[in-house]
Amino acid sequence: MLFIANYNHQLFFTLLIVSLLLAVFLRIVFLRGKKEGFQKLSVIFNELEKENQLATKYKGVSTKITSLEKVTQQKIRTIKVDIQNINFTLSEIF
């Protein structure tokens, strides 16, 4: 009977030590994963900040491009009208 009681105490202490070591190991793994997660989030946050800065920088560019397109189209129309006038004038001369 004494042997069984002694065996139970040894088993209990062995399981306690193994459980504590496992808990410490899992805590270390968890903290490493948490740290890596924060680093990844900070990288993503920095990329988003850069994208926001670029977006604000290029916000007015699309309106400038649209106005340049309108000016270019107007110049092309003017050139087409001038070509038609030249053709008409040449046809009257000959």
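Here, the structure is the one placed above.
Okay, so let's go over this structure.

Counting its secondary structure elements, the protein chain contains two helices and zero strands. For 94 residues, the compact-globule estimate of 2.2 N^0.38 gives 12 Å, and the C-alpha radius of gyration of the protein chain, at 40 Å, exceeds that figure by more than 25%. For the protein chain, the spread of C-alpha atoms along the principal axes amounts to about 130 × 25 × 10 Å. Looking at the protein chain as a whole, 0% of its 94 residues qualify as buried. Summing over all exposed atoms, the protein chain offers an accessible surface of approximately 9,300 Å²; the carbon and sulfur share of this is 69%. Positive and negative charge centroids in the protein chain, built from 13 and 7 side chains respectively, lie 12 Å apart.

Parameters at a glance
Within each chain, residues carry numbers counting from 1 in the order of the written sequence. Local features in this predicted model are restricted to residues of pLDDT 70 or higher, and side-chain atom pairs are both shown and tallied only at a pLDDT of 80 or more, whereas totals for entire chains, interfaces and linings draw on every residue. Excluded from the side-chain calculation are hydrogens and water; included are all heavy atoms of the structure. Strands are runs of DSSP state E lasting at least two residues, helices are runs of H or I lasting at least four, and both sets are numbered from the N terminus onward. As a reference, a globule follows 2.2 Å times the number of residues to the power 0.38, and the radius of gyration itself is taken over C-alpha atoms. Only protein chains enter the area calculation, which uses a 1.4 Å probe; residues under 20% of their type maximum are buried, those over 50% are exposed, and those in between are partly exposed. For accessible areas, the Shrake-Rupley method is used with a probe of radius 1.4 Å. Any residue's cover is judged against the shown protein chains and nothing else. This count recognises Lys and Arg as positive and Asp and Glu as negative, with His and chain-terminal groups excluded. Each charge is placed at NZ for Lys, CZ for Arg, CG for Asp and CD for Glu.

Interpretation in functional terms is not warranted from these geometric data alone.
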